[in-house]
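# A look at the structure
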Amino acid sequence: MTDVSTDHGAGAADRAAPALEVKDISLRIGGAQILQDVSFSVPTGQIVGVIGPNGAGKTTLFNLVSGVMTPTSGSVHLDGQDITGRSITQRATAGLGRTFQTSSLFAGLSVEENVRLAAQVKEGGALSLTSFPRRGDAASTRARELLDEVGLSSRLGRPAGDLPHGDKRKLEIAMLLAADPSVVLLDEPMAGVASGDVEGLTEVIRSLHRDHGRTVLMVEHHMEVLMGLVERVAVLHFGHLLTIDTPEAVMADPTVQSAYLGEAV
Ligand SMILES: Nc1ncnc2c1ncn2[C@@H]1O[C@H](COP(=O)(O)OP(=O)(O)OP(=O)(O)O)[C@@H](O)[C@H]1O
């Protein structure tokens with residue numbers, strides 16, 4: 001087991017509970033030990049990456065944190081509260097938001113409609129476009145603000161399904177932000193994104209944390225992007241946490257190098 005507390009400078013933040021904490025989490029399915037005693041914490045406002053070779057347990061970790069799966073043992077804490085027994089919806093209400101590897105957009109609806117639906121849910125409304133909102137209602141205003149935040153203001157009327165991958169990911173982030181999460185889980189945001197769109201999407205993710213103070217945990221295979229974005233990197237290998245450290249220390253770590261034997265780190 002590796003348990004590494006992250007330093008965050010002196011002051012009140014040190015005394016506060018971390019935004020996200022995973023304690024001794026394990027998952028066994030049938031005879032397979034998928035995750036084993038993984039512990040780490042993400043202080044409020046930090047951006048932390050999760051890497052590991054294929055099958056290391058990254059998606060499983062996200063499933064356990066977001067409530068898609070229940071751990072065999074161990075616990076998950078959000079702002080000091082044990083959320084292990086809570087449903088996905090209860091976790092979302094408590095401030096946890098997640099994007100998925102596969103696109104979760106309504107392809108036939110416009111960019112604005114997608115975000116407005118997400119904002120309507122946050123405002124307590126139904127997931128319905130049948131009652132057309134008036135321009136300037138709370139959900140529409142919020143949708144436009146969020147689309148501005150992710151740089152999609154010029155695409156409001158475009159069907160979501162027609163967007164390039166990079167813009168789809170930005171749209172998913174805008175929808176996620178409609179619920180105003182304090183902790184954001186991003187599952188491979190760069191997957192399928194054209195190289196020309198990587199920089200713009202990277203900047204949107206950086207802004208989540210830098211300009212909006214959100215805590216971010218992200219799985220990403222695009223090493224250059226990840227290492228340029230995150231403050232710490234957690235490395236999973238065969239369901240164990242090898243280390244969590246700064247990008248520089250992780251890249252220089254011989255155990256990480258050997259975990260990736262045959263793969264470029
Ligand atoms: N429901 C399940 N039942 C049995 N085995 C599973 C289940 N879910 C995941 N696994 C196994 O657990 C291991 C970890 O899978 P996981 O998808 O979490 O890895 P990953 O690090 O996200 O991989 P990738 O980088 O390929 O997405 C794999 O060996 C996978 O086959």
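None of these values were measured; they are calculated from a predicted model. Per chain, residue numbering runs from 1 following the sequence as it is written. In keeping with the predicted nature of the model, local features appear solely for residues at pLDDT of at least 70, side-chain atom pairs appear and are counted solely at 80 or more, and the whole-chain, interface and lining totals rest on all residues.

### Details of the pairing of strand β10 (residues 232-237)
Counting buried positions along β10 gives 5 out of 6 residues, so the element sits mostly inside the fold. The pairing criterion is simple: DSSP has to find at least two bridges between the two strands. Each helix is a run of DSSP H or I of at least 4 residues and each strand a run of E of at least 2, with the numbering of both proceeding from the N terminus. Examined bridge by bridge, β10 and strand β11 (residues 240-245) share 5 bridges and lie antiparallel to one another. In the strand pairing of β11, V235 is matched with T243. Think of it as a crowd count around each C-beta: if 20 or more other C-beta atoms lie within 10 Å the residue is buried, if 12 or fewer it is exposed, and in between it is partly exposed, with C-beta placed from the backbone throughout.

### Considering helix α7 (residues 195-210)
At 3.6 residues per turn, the α-helix brings residues three or four places apart onto the same side. A helix is expected to reach a length of 1.5 Å times the quantity of its residues less one. Here α7 is 16 residues long and its end C-alpha atoms lie 23 Å apart, about the 22 Å a rise of 1.5 Å per residue gives. The complete set of buried residues in α7 reads L201, T202, I205, L208 and H209. The buried residues of α7 occupy an angular sector of 110° when the element is viewed end-on, so they sit on one face. Of the exposed residues in α7, the ones pointing more than 90 degrees away from its buried face are G196 and E199. An arc is given here, and it is the one of the directions from the helix axis to the C-beta atoms.

### As for the confidence of the model for the protein chain
A score from 0 to 100, pLDDT tells how confident the predictor is in each residue. Of the residues in the protein chain, 86% have a pLDDT of 70 or more, and the chain-wide mean is 87. Of the regions scoring below 50 in pLDDT, residues 1-14 engages in 19 contacts with residues more than four places distant in sequence or in other chains. Across the interfaces of the predicted complex, the ipTM metric reaches 0.95, alongside a pTM of 0.87. What counts as a contact is two residues whose backbone-derived C-beta atoms lie within 7 Å of each other.

### Considerations on the sheet that holds β10
Spatial ordering of the open sheet is given by β7-β8-β9-β4-β10-β11, a layout of 6 strands whose pairing is mixed. Only two strands of the sheet have a single partner each, and these edge strands are β7 (96-98) and β11. Across the sheet, the mean angle from the axis of one strand to that of its neighbour is 15°, orientation sign disregarded. Throughout, an axis means a line fitted to C-alpha atoms (over the contacting stretch in the case of helices), and angles, computed between N-to-C directions, take values from 0 to 180 degrees. Helix α2 (residues 58-66) rests against β4 (47-51), β7, β8 (183-187), β9 (215-219) and β10 of the sheet, and its axis sits at about 150° to β8.

### Section: the nonpolar core
One finds V115, A174, A234 and V235 to be the most contacted residues of the largest nonpolar core, which totals 69 residues. Looking at this core element by element, the count peaks at 6 residues for helix α6 (residues 165-177). With sequence-adjacent residues up to four places away left out, A234 is seen in contact with F40, V48, V50, L241 and I244. The term nonpolar core means buried Ala, Val, Leu, Ile, Met, Phe, Trp, Tyr and Cys residues held together as one set by C-beta atoms within 7 Å.

### As for the site of the ligand
As used in this record, a residue near a molecule or strand is one whose C-beta atom, placed from the backbone, is within 6 Å of it. With respect to spatial proximity, the complete set of residues near the ligand consists of I29, A32, I34, G52, N54, G55, A56, G57, K58, T59 and T60. Listing elements by their share of the shell around the ligand, those giving two or more residues are β3 (32-42) and α2. Looking at the shell around the ligand element by element, the count peaks at 3 residues for α2. Each residue gets one label: Ala, Val, Leu, Ile, Met, Phe, Trp, Tyr, Cys and Pro are nonpolar, Asp, Glu, Lys and Arg are charged, and the others, such as Gly, are polar. Partitioning the shell around the ligand into residue classes produces 4 nonpolar, 6 polar and 1 charged.

### Some thoughts on unusual backbone geometry
Most peptide bonds take the trans configuration, and most residues that are not glycine carry a negative phi. Phi at E188 is positive, roughly 50°, even though this residue is not glycine. Using a count of 20 C-beta atoms within 10 Å as the deciding quantity, one classes E188 as buried. Non-glycine residue F238 carries a positive phi angle of around 45°. Inspection of the secondary structure assignment puts F238 in the loop between β10 and β11.

### Notes on the environment of L185
Tracing the chain through its elements places L185 in strand β8. In sequence terms L185 and R98 are 87 residues apart; their C-alpha atoms lie 4.5 Å from each other. Apart from the residues lying within four places of it in its own chain, the contact partners of L185 are F62, V65, S66, G97, R98 and L217.

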